[in-house]
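Below, each chain spelled out in residue letters.
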Amino acid sequence: MTNVVRKTVAAPSPAALARAELSGSSIRDRLRLEDDSAVVSAFLNGEERAFSELVERYQTRLLNFVYRTIGDREKAEDLVQEVFIRVYRHLHRFDRSKKFSTWVYTIASNLAKNELRNRSRNPLVLFQTITKNWQDEERPLQFEDVGNRPDDLYRKRDIREKVEEAVDQLPEHHRNVFVLRELEGKSYEEIAEITNTNLGTVKSRLNRARNSFAEIIEPWLR
């Protein structure tokens, strides 16, 4: 009879497990301190946790962007998931001389535009406040502050409803640059790359979008 020798593998000690956990935590902490370019390089060099870091950085921002563009939260979540699937599959083809944020927003923007083309209704974009003088230095528009008094919240929600109706009347290409600039705070150069449009056209569309928006909304704000 042939004797079968069974090799027993000892379970890792608590100290070894602690070291492994510490090592993983150290890598995650280090990745959080790196810029996008370094995180992308880490992923391409085989560090899978780097992709999780990219998702963590951009998931909420992209969800807000897509949702504000198409007006459907559930569909926006599906599209953002598709964004990261494409990023994972094609990151090795990404031109690393460019900004990762611009690339990922371009993917999201294209998916959102495709979604709009397949719809019979236009998206709604939600804002809190309206400004009559649009300045390049101004920060992106913010959503309502739930810490305000009930009467203030009521008025702002009423304004928001009017804003939705006004934005719904903007052409898609005007609405897109409007959202990217006024909500996402993107530079003109980034918007040009995301929308695959030259800088002059971006500025022209944004200026027209702002003027049209102000003309539509002004009677409701008197």
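Residues numbered from 1 in each chain as written. Predicted model: local features only at pLDDT ≥ 70, side-chain atom pairs only at ≥ 80, totals over all residues. Heavy atoms only, no water.

### Overview of the overall build of the chain
(1) Moving on: A count of helical and extended segments in the chain gives nine helices and zero strands.
(2) Moving on: The secondary structure elements of the chain, listed N-terminal to C-terminal, are α-α-α-α-α-α-α-α-α.
(3) Moving on: The buried share of the chain, taken over its 222 residues, is 41%.
(4) Moving on: Sequence separation of at least 24 residues holds for 66% of the intrachain contacts in the chain that already meet a minimum separation of 6.
(5) Moving on: If you sum the accessible surface of the chain, you get close to 13700 Å²; carbon and sulfur atoms cover 46% of it. (Helix = DSSP H or I, 4+ residues; strand = E, 2+ residues; numbered from the N terminus. Buried < 20%, exposed > 50% of the residue type's maximum accessible area, 1.4 Å probe, protein only. Contact = heavy atoms within 4.5 Å. Areas by Shrake-Rupley, 256 points an atom, 1.4 Å probe, with all protein chains shown as cover.)

### Let's talk about the nonpolar core
(1) Moving on: Residues Leu62, Val87, Leu91 and Phe100 are the most contacted members of the largest nonpolar core, which totals 49 residues.
(2) Moving on: Of the residues forming this core, the biggest block, 10 residues, is contributed by helix α3 (residues 49-70).
(3) Moving on: When neighbours within four sequence positions are excluded, Phe100 is seen to be in contact with Asp36, Val40, Leu54, Tyr58, Val87, Leu91 and Phe94. (Core = buried A, V, L, I, M, F, W, Y, C linked by side-chain atoms within 4.5 Å.)

### Some remarks on the pattern of salt bridges
(1) Moving on: Tallied over the full model, the rule gives seven salt bridges.
(2) Moving on: The partner of Glu47 in a salt bridge is Arg49, with the nearest N and O atoms 2.8 Å apart.
(3) Moving on: A relative accessible area of 17% places Glu47 in the buried class.
(4) Moving on: Given a relative accessible area of 32%, Arg49 falls into the partly exposed group.
(5) Moving on: The partner of Arg86 in a salt bridge is Glu82, and the shortest N-O contact between them spans 2.9 Å. On the criterion of helical spacing, the pair formed by Arg86 and Glu82 is a turn pair, its members being four residues apart in helix α4 (residues 73-90).
(6) Moving on: Note on Glu82: relative accessible area 26%, which makes it partly exposed.
(7) Moving on: Look at the salt bridges and you will find they share partners, linking Asp36, Glu53 and Arg57 into a network. (Salt bridge = Lys/Arg side-chain N within 4 Å of Asp/Glu carboxyl O.)

### Re the side chain of Glu47
(1) Moving on: Tracing the backbone through its elements, the reader meets Glu47 in the loop between α2 (36-44) and α3.
(2) Moving on: Separated by 2.8 Å, the side chains of Glu47 and Arg49 make a polar contact. (Polar contact = N/O pair within 3.5 Å; in protein donor to acceptor, adjacent residues only side chain to side chain.)

### Concerning helix α8 (residues 188-195)
(1) Moving on: For α8, a buried count of six out of eight residues is recorded, marking the element as mostly surrounded by other parts of the structure.
(2) Moving on: Buried residues in α8 make contact with α5 (100-117), α7 (172-182) and α9 (199-217).
(3) Moving on: Residue Asn196 follows α8 closely and has a positive phi angle near 55°.

### Structural notes on the packing of α8 against α9
(1) Moving on: With their axes 9 Å apart at the nearest point, α8 and α9 run at an angle of 100° to one another. Overall, the two elements α8 and α9 adopt an arrangement that is roughly perpendicular. Seen from α8, the contacting residues are Tyr188, Glu189, Ile191, Ala192 and Thr195; seen from α9, they are Leu199, Val202, Lys203, Leu206 and Arg210. (Axes fitted to C-alpha atoms, helices over the stretch in contact; angles between N-to-C directions. Parallel < 35°, antiparallel > 145°, perpendicular 65-115°, else oblique.)

### Thoughts on the environment of Ala50
(1) Moving on: Along the chain, the position of Ala50 falls in helix α3.
(2) Moving on: Note: C-alpha distance between Ala50 and Arg28 (22 residues apart in sequence) is 7.9 Å.
(3) Moving on: Dropping the residues within four chain positions of it, Ala50 is found in contact with Leu31, Val39, Ala42 and Phe43.

### Thoughts on the packing of aromatic side chains
(1) Moving on: Under the counting rule described, the total for this entry stands at 10 aromatic pairs.
(2) Moving on: Taking 5.5 Å as the distance between ring centres and 65° as the angle between the ring planes, the aromatic pair formed by Tyr58 and Phe100 counts as edge-to-face. In this pair, Tyr58 is assigned in helix α3 and Phe100 in helix α5, connecting sequence segments 42 residues apart. Pair check on accessibility: Tyr58 and Phe100 agree, each one buried.
(3) Moving on: The residue whose ring lies beneath Arg73 is Tyr67, and the NZ or CZ to ring-centre distance is 5.4 Å.
(4) Moving on: A cation over a ring is seen here: Lys186 above Tyr105, with NZ or CZ 3.7 Å from the ring centre. (Phe/Tyr/Trp six-rings, centres within 6.5 Å; stacked < 30°, edge-to-face > 60°. Lys NZ or Arg CZ within 6 Å of the ring centre and 35° of its normal.)

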